[in-house]
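# Structural characterization, general
Each chain, written out:
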Amino acid sequence: MEVQVIFFGSITDITLDNSVVIDNCVDINSLVQELIERYPALANKKYFVAVNQKIVHENSKLKMGDTVALMPPFSGG
């Protein structure tokens, strides 16, 4: 099962890319663990996770074709 992960802001400084495709992650926790293994600096970074353009605050199941975004904290103006 593949999901696309897109990165925003300062997170791209860590990943050196705007997006990746990750296979075999059934939920947010396993996806984040996979990303930390690939990009260890993410372990110390604060970010929001969104699935299909909705911010999630807990572990959620993923399905084929989902788009997950990692976004650094932001503030309004």
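We now turn to the structure provided with this report. As the structure is a prediction and not an experimental result, all values here were calculated from the model. (Residues numbered from 1 in each chain as written. Predicted model: local features only at pLDDT ≥ 70, side-chain atom pairs only at ≥ 80, totals over all residues. Heavy atoms only, no water.)

### A closer look at the side chain of Asp66
Its location among the elements puts Asp66 in the loop between strand E4 (54–56) and strand E5 (67–71). A distance of 2.8 Å separates a polar side-chain atom of Asp66 from the backbone nitrogen of Lys63. When sequence neighbours within four positions are dropped, the list of residues in contact with Asp66 reads Val3, Gln4, Val51, Asn52 and Lys61. (Helix = DSSP H or I, 4+ residues; strand = E, 2+ residues; numbered from the N terminus. Polar contact = N/O pair within 3.5 Å; in protein donor to acceptor, adjacent residues only side chain to side chain. Contact = heavy atoms within 4.5 Å.)

### Examining the pattern of salt bridges
Within this structure, the stated rule accounts for two salt bridges. Between Lys63 and Asp66 there is a salt bridge whose closest N-O contact spans 3.4 Å. The class for Lys63 is exposed, based on a relative accessible area of 53%. (Salt bridge = Lys/Arg side-chain N within 4 Å of Asp/Glu carboxyl O. Buried < 20%, exposed > 50% of the residue type's maximum accessible area, 1.4 Å probe, protein only.)

### A short note on the environment of Pro72
By the element assignment, Pro72 lies in the segment after E5. Pro72 gets classed as buried once you look at its relative accessible area, which sits at 16%. Separated by 38 residues in the primary sequence, Pro72 and Glu34 place their C-alpha atoms 18 Å from one another. With sequence-adjacent residues up to four places away left out, Pro72 is seen in contact with Phe8, Gly9, Ser10, Ile11, Lys46, Tyr47 and Phe48.

### With respect to unusual backbone geometry
Of note in the backbone geometry, Asn52 takes a positive phi value of approximately 50° without being a glycine. If you trace the backbone, Asn52 turns up in the loop between strand E3 (48–51) and E4. In this structure Asn52 comes out as partly exposed when scored by relative accessible area, which is 35%. The phi dihedral of Gln53 falls on the positive side, at around 70°, and the residue is not glycine. For Gln53, the position within the fold is in the loop between E3 and E4. Under the relative-accessibility criterion, Gln53 is labelled exposed at 81%.

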